[in-house]
Number of protein chains: 2
Amino acid sequence: MPTQLPSIVDVAKKAGVSVATASRVMSSSTYPVSGTAREKVLSAARELKYVPNSLARSLKIQRSKLIAVLVGDNADPYFAQVARGVEEVANAHGYLTIMCNTGRDPMRELSYLQTLQDYRADGIIFSSSGLSEIDYPEQVQIDELVEKIQERGAAIVTLSPHSIKAPSIQSDNIGGAYELTAYLISLGHRRIAFVTGPDKVAVSEQRQQGYTRALTEAGIPLSPELIIPGNFTQAGGESAASILVQLPTEQRPSAVFACNDETAFGLMNGLRQHGWRLPEDISICGFGDIPMARMVTPSLTTVSISLRQLGQAGAQKVLSLLQNKQQEPEPTTEILPAMLIKRNSTIPYSSHAN
Amino acid sequence: MPTQLPSIVDVAKKAGVSVATASRVMSSSTYPVSGTAREKVLSAARELKYVPNSLARSLKIQRSKLIAVLVGDNADPYFAQVARGVEEVANAHGYLTIMCNTGRDPMRELSYLQTLQDYRADGIIFSSSGLSEIDYPEQVQIDELVEKIQERGAAIVTLSPHSIKAPSIQSDNIGGAYELTAYLISLGHRRIAFVTGPDKVAVSEQRQQGYTRALTEAGIPLSPELIIPGNFTQAGGESAASILVQLPTEQRPSAVFACNDETAFGLMNGLRQHGWRLPEDISICGFGDIPMARMVTPSLTTVSISLRQLGQAGAQKVLSLLQNKQQEPEPTTEILPAMLIKRNSTIPYSSHAN
DNA sequence: TTGTAGGCGTTATCAA
DNA sequence: TTGATAACGCCTACAA
């Protein structure tokens with residue numbers, strides 16, 4: 001049966017001091033307290049096994065010490081890394097991390113936002129991919145709520161292009177994709193396919209943008225039939241593979257740029273099932289450099305965007321916003337560098353067996 | 001600049017009723033309230049954009065609606081799946097999920113437990129692997145704290161063998177490992193290596209137990225040189241590979257049972273780097289069936305223990321314990337079935353190229 | 001059916 | 001330095 005925990009009143013009583021003094025020593029405030037009083041309180045607390053009630057404390061000081069990270073799915077390696085980064089710095093600063101899976105569903109995103117407002121979360125980090133077009137009703141409610149949350153003094157940060165007005169930290173999707181594509185071109189590839197992410201997801205569009213720019217700068221015409229729809233999943237990569245193999249021989253690409261690593265894995269698997277050899281028959285690359293990328297065979301050429309660091313930076317930003325919350329947060333965007341990781345899934349055009 | 005949110009007092013005032021009535025309708029209690037009063041409160045709340053303060057509410061009703069999941073590392077696919085399961089049912093029941101990475105460090109585990117006690121978390125789910133031997137000082141503090149947490153009325157559940165006294169839900173590690181090993185034997189393998197998990201981690205020991213039993217029952221003598229240390233990581237698998245290739249030819253196994261999938265991936269990679277072909281030269285299998293297992297080449301034979309379901313069951317258990325917290329929670333252990341997943345990384349002994 | 005008032009556990013203000 | 005005491009926002013006897 002549940003038993004009550006001692007409160008600070010009990011501690012004060014036992015120590016023979018007022019609650020005020022007891023509170024002052026327990027909350028490690030800078031307020032002066034005599035050495036003897038401090039000792040008495042401390043030992044009383046120890047004997048009683050006193051545990052401060054953070055809920056009461058939060059209620060009083062108007063700070064919950066709660067940071068939430070909104071992700072599409074925490075089991076997705078992309079989000080998992082980001083969440084890990086968030087948790088690391090949050091924990092290091094005495095904050096608890098609340099994990100919110102939105103499943104990329106605006107409805108659930110809204111619902112979580114509401115709950116987080118209820119709990120007076122100090123910080124909210126949007127990692128779930130922002131959409132480039134927004135006209136559905138939930139979105140306007142979200143925008144409204146976000147504003148209210150900010151007015152309350154909570155800090156909001158986005159980690160991808162997002163319609164909401166908040167400071168943002170992002171990976172260099174465009175630059176990374178550009179560099180990757182340029183690398184393929186430097187290997188002699190001219191027909192390079194691109195497997196997209198889900199429809200209207202901003203990071204996917206950014207990566208495509210980098211791809212397009214590299215091609216254009218190299219004077220290579222864009223071939224619409226080489227833009228293949230994907231959805232960031234392995235299954236999506238597999239179906240992209242079956243589209244690829246059905247292309248007439250003269251339209252076939254010699255390299256494919258998958259919008260993320262998972263898609264690349266699905267692609268590799270699908271192509272193999274159709275009898276293609278990798279990388280002999282086609283070069284493949286991904287984006288994200290999730291841990292598995294270096295483990296598959298052939299190891300995957302990709303772009304590292306240090307997701308964990310992204311999460312860390314996001315949490316840092318939240319903390320710094322919380323420091324000086326008198327100022328309005330300016331919706332600036334900070335870009336974290338991306339790095340090309342050359343591995344074995346891409347080979348020179350001339351080495352291909354065709 | 002931060003602005004105050006309206007409280008229920010404001011709502012009551014605006015609606016022209018008492019706070020009691022306002023509270024009754026906002027907290028959707030069963031207490032009778034007239035239709036007109038209800039309407040007035042509702043519309044006042046809407047106009048004021050009232051947001052109930054969960055902190056205050058929790059403080060009052062002595063329930064935080066917070067569930068924590070302690071994992072080794074949320075980016076590890078194993079824990080990620082578990083956490084996902086927890087979040088799903090927690091969210092469905094109006095609970096927030098707190099993510100705690102312990103890094104398998106008892107010190108951090110203790111520290112998180114303390115914080116969770118501070119926040120009066122309603123439920124705590126231990127997913128971080130329990131150790132089979134416990135004599136270090138942190139552990140005794142943990143046991144003590146766990147007891148206090150339970151006395152408070154919070155629910156604690158473990159998802160692996162654990163020294164702490166709490167209800168537990170576990171995958172059938174022994175049975176799964178037994179079945180897997182028996183399968184290898186049925187394929188004609190006699191020399192089967194086992195790559196362990198980290199030292200003294202209980203689930204690793206359980207899997208080894210299943211392995212040993214299957215071998216013994218088949219009358220196959222155990223070969224100490226075939227027990228190779230690992231640590232649940234790909235790097236561990238890679239170093240296991242280099243040990244393996246150094247074995248004198250006559251001692252070489254024809255199959256390897258890696259204690260988890262990640263180890264198996266590292267193993268595959270390492271063996272390949274030494275020029276071995278898979279599965280022609282050696283059969284490999286893992287344990288866990290993480291999503292990547294079916295994507296690698298060759299696809300990995302493994303044991304599925306539906307981690308997500310494990311997380312769900314854990315959260316369910318917490319909720320049911322919370323329901324009737326008058327009773328002392330009996331430290332029962334529920335076992336979730338494991339399922340053998342046959343794929344292409346294992347082939348009959350006779351098909352091997354030796 | 002409604003309202004008053006006390007208390008959940010802290011912190012902070014203000015006197016002493 | 002210390003100590004009453006009033007909040008923080010909510011719920012819930014208890015009375016009316």
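Residues numbered from 1 in each chain as written. Chains lettered and ligands numbered in written order. Predicted model: local features only at pLDDT ≥ 70, side-chain atom pairs only at ≥ 80, totals over all residues. Heavy atoms only, no water.

Here we take up the overall build of chain A. Of the regular secondary structure elements, chain A holds twelve helices and twelve strands. Relative to the compact-globule value of 20 Å for 354 residues, chain A shows a C-alpha radius of gyration of 26 Å, a clear excess of over 25%. Each principal axis of the C-alpha atoms in chain A carries an extent, and together these give about 90 × 40 × 40 Å. Looking at the 354 residues of chain A, the share that counts as buried comes to 56%. Contacts in chain A between residues at least 24 apart in sequence constitute 77% of all its contacts with a sequence separation of at least 6. Accessible surface, chain A as shown: approximately 14,600 Å² in total, 51% of it carbon and sulfur. Side chains of chain A carry 32 positive and 34 negative charges; the gap between the two charge centres is 11 Å. (Helix = DSSP H or I, 4+ residues; strand = E, 2+ residues; numbered from the N terminus. Rg over C-alpha atoms; globule rule 2.2 N^0.38 Å. Buried < 20%, exposed > 50% of the residue type's maximum accessible area, 1.4 Å probe, protein only. Contact = heavy atoms within 4.5 Å. Areas by Shrake-Rupley, 256 points an atom, 1.4 Å probe, with all protein chains shown as cover. Lys, Arg positive; Asp, Glu negative; His and termini not counted. Charge placed at Lys NZ, Arg CZ, Asp CG, Glu CD.)

In this section: the sheet that holds strand β6 (residues 192-195) of chain B. All names here are of chain B. One open sheet accounts for four strands, arranged β7-β6-β8-β9; its pairing is parallel. At either margin of the open sheet sits one strand with a lone partner, and together these are β7 (227-228) and β9 (283-285). Where β6 meets strand β8 (residues 255-258), four bridges bridge the pair, whose relative direction is parallel. Bridged to A193 within β8 is V256. Helix-sheet contacts for helix α8 (residues 173-186) involve β6, β8 and β9, and the interaxial angle to β8 is about 170 degrees. Across the face of the sheet, helix α11 (residues 261-273) comes into contact with β6, β8 and β9 while running at roughly 155 degrees to β9. (Pairing = 2+ DSSP bridges. Axes fitted to C-alpha atoms, helices over the stretch in contact; angles between N-to-C directions.)

In the vicinity of DNA strand C there are 29 residues, among which A:I8, A:Y50, B:R24, B:Y31 and B:S34 approach most closely. Taking all atoms of DNA strand C within 4 Å of the protein, the share assigned to sugar and phosphate is 56%. Measuring from a phosphate oxygen of DNA strand C, one finds a side-chain N or O atom of B:S34 at 2.5 Å. Among the elements that take part in the surface near DNA strand C, helix α4 (residues 54-61) of chain A stands out by supplying four residues, more than any other. (Near = heavy atom within 4 Å. Polar contact = N/O pair within 3.5 Å; in protein donor to acceptor, adjacent residues only side chain to side chain.)

So, about helix α3 (residues 35-48) of chain B. Residues and elements named next belong to chain B. End to end, α3 covers 20 Å across 14 residues, agreeing with the expected 20 Å (1.5 Å per residue, within 8%). Looking at α3, one finds that the buried residues are A37, V41, A44 and A45. All buried residues of α3 lie within an arc of 100 degrees about the axis, which places them on one face of the element. Facing away from the buried side of α3 by more than 90 degrees, the exposed set consists of T36, R46 and E47. Within two residues after α3, K49 carries a phi angle of roughly 55 degrees, on the positive side. (Expected span 1.5 Å × (residues − 1). Arc of directions from axis to C-beta.)

What follows is about unusual backbone geometry. Cis rather than trans, the peptide bond between A:T297 and A:P298 has omega equal to -10 degrees. Of note, A:P298 is situated in the loop between β9 (283-285) and β10 (302-304). Phi at A:S28 is positive, roughly 40 degrees, even though this residue is not glycine. Although it is not a glycine, B:K49 adopts a positive phi angle of roughly 55 degrees. Inspection of the secondary structure puts B:K49 in the loop between α3 and α4 (54-61).

Below, the discussion takes up the protein's contact with DNA strand D. DNA strand D sits among 29 residues. The nearest are A:R24, A:Y31, A:S34, B:I8 and B:Y50. Atoms of DNA strand D within 4 Å of the protein: sugar and phosphate make up 60%, bases the balance. Measuring from a base oxygen of DNA strand D, one finds a side-chain N or O atom of A:Y31 at 2.5 Å. Taking B:S23, its side chain carries an N or O atom lying 3.0 Å from a phosphate oxygen of DNA strand D. In terms of residue class, the surface near DNA strand D is built from 15 nonpolar, nine polar and five charged. (Nonpolar A, V, L, I, M, F, W, Y, C, P; charged D, E, K, R; others polar.)

Take the UniProt feature "domain: HTH lacI-type" (unreviewed entry) in chain A next. This chain's UniProt record puts "domain: HTH lacI-type" (unreviewed entry) on residues 6-61 of chain A. Secondary structure across residues 6-61 of chain A divides into 68% helix and 0% strand, with the first and last C-alpha atoms of the span separated by 21 Å. (UniProt positions renumbered as here; feature names shortened; annotations may be inferred.)

Here we come to the sheet that holds strand β6 (residues 192-195) of chain A. All names here are of chain A. On the basis of which strands lie adjacent, the open sheet formed by four strands has the order β7-β6-β8-β9 and parallel pairing. Here the strands that pair on one side only, and so sit at the sheet edges, are β7 (227-228) and β9. Against the sheet, helix α8 (residues 173-186) contacts β6, β8 (255-258) and β9, and its axis sits at roughly 170 degrees relative to β8. Across the sheet, helix α9 (residues 202-217) touches β6, β7 and β8, and the angle it forms with β6 is around 170 degrees.

This part covers the domain arrangement of chain A. You can read the domains of chain A as domain 1 (8-52), domain 2 (61-171 + 307-336) and domain 3 (173-305 + 340-351). With centres defined by C-alpha atoms, the gap from domain 1 of chain A to domain 2 of chain A works out at 37 Å. (Domains from an automatic or database assignment.)

Once chain B is rotated about the relating axis by 180 degrees and shifted along it by 0.0 Å, it coincides with chain A to within an RMSD of 0.1 Å. Put plainly, the chains are arranged around a two-fold axis. The C-alpha atom lying nearest the rotation axis in chain B is that of B:I98; the distance is 2.3 Å. A share of 100% of the interface residues of chain B reappears at the interface of chain A, consistent with the copies meeting face to face through the same patch. (Least-squares fit on C-alpha atoms with pLDDT ≥ 70 in both.)

Another point: the packing of helix α2 (residues 19-26) of chain A against helix α3 (residues 35-48) of chain A. Residue and element names in this part refer to chain A. Following both chains from N to C, one finds α2 and α3 inclined at 80 degrees, their axes separated by 9 Å at the closest point. Taken together, the axis directions place α2 and α3 in an arrangement best described as roughly perpendicular. The segment α2 lies against α3, with A22, V25 and M26 engaging R38, V41, L42 and A45. Residues that form the contact of α2 with α3 fall into these classes: six nonpolar, no polar and one charged. (Parallel < 35°, antiparallel > 145°, perpendicular 65-115°, else oblique.)

Bringing the interface of chain B and chain A into the picture now. Across the contact, 62 residues belong to chain B and 62 residues belong to chain A. In this assembly, chain B packs against chain A so that about 5,800 Å² is buried in total across both faces, 56% of it on carbon and sulfur atoms. Of all residues in chain B, B:L55, B:L96 and B:Y119 give up the largest surface area on contact with chain A, accounting jointly for 13% of the area buried on that side. The interface formed by chain B and chain A holds six salt bridges in total. The partner of A:R84 in a salt bridge is B:D73, with the nearest N and O atoms 2.6 Å apart. At the junction of chain B with chain A, the criterion picks out 26 residue pairs in polar contact (both at pLDDT 80 or more). Only α4, α5 (77-92), β2 (96-101), α6 (106-118), α7 (137-152), α10 (234-245) and α11 of chain B provide two or more residues apiece to the side of chain B that touches chain A. Per-element tally for the side of chain B that touches chain A: the top contributor is α6(B), with seven residues. Split by residue class, the side of chain B that touches chain A holds 24 nonpolar, 21 polar and 17 charged. (Buried area = accessible area lost by both parts, 1.4 Å probe. Salt bridge = Lys/Arg side-chain N within 4 Å of Asp/Glu carboxyl O.)

This paragraph deals with the nonpolar core. In summary, soluble globular proteins display a tendency toward joint burial of nonpolar side chains. Within the largest apolar cluster, 100 residues are counted, with the highest numbers of intra-cluster contacts made by A:I67, A:F257, A:L310, B:I67, B:F257 and B:L310. When residues no more than four places from it in sequence are discounted, the contact partners of A:L310 are A:Y78, A:V82, A:L159, A:I169, A:Q170, A:S171 and A:L336. Formed by 52 residues, the second largest nonpolar core is a distinct cluster that contains A:A258, A:W276, A:I290 and B:L247. (Core = buried A, V, L, I, M, F, W, Y, C linked by side-chain atoms within 4.5 Å.)

Residue and element names in this part refer to chain A. This model, assessed by the stated rule, comprises ten aromatic pairs over all chains. Note on Y211 and F257: the rings are 6.4 Å apart at their centroids and 70 degrees apart in plane angle, and the pair reads as edge-to-face. Separated by 46 residues along the polypeptide, Y211 in helix α9 and F257 in strand β8 bring together distant segments of the chain. Residue Y211 is classed as buried on the basis of its relative accessible area of 2%. With relative accessibility at 0%, the residue F257 sits in the buried group. What links up through ring pairs into an aromatic cluster is the set F194, Y211, F257 and F287. Over the ring of Y31 we find R24; its NZ or CZ atom is 4.2 Å from the centre of that ring. (Phe/Tyr/Trp six-rings, centres within 6.5 Å; stacked < 30°, edge-to-face > 60°. Lys NZ or Arg CZ within 6 Å of the ring centre and 35° of its normal.)

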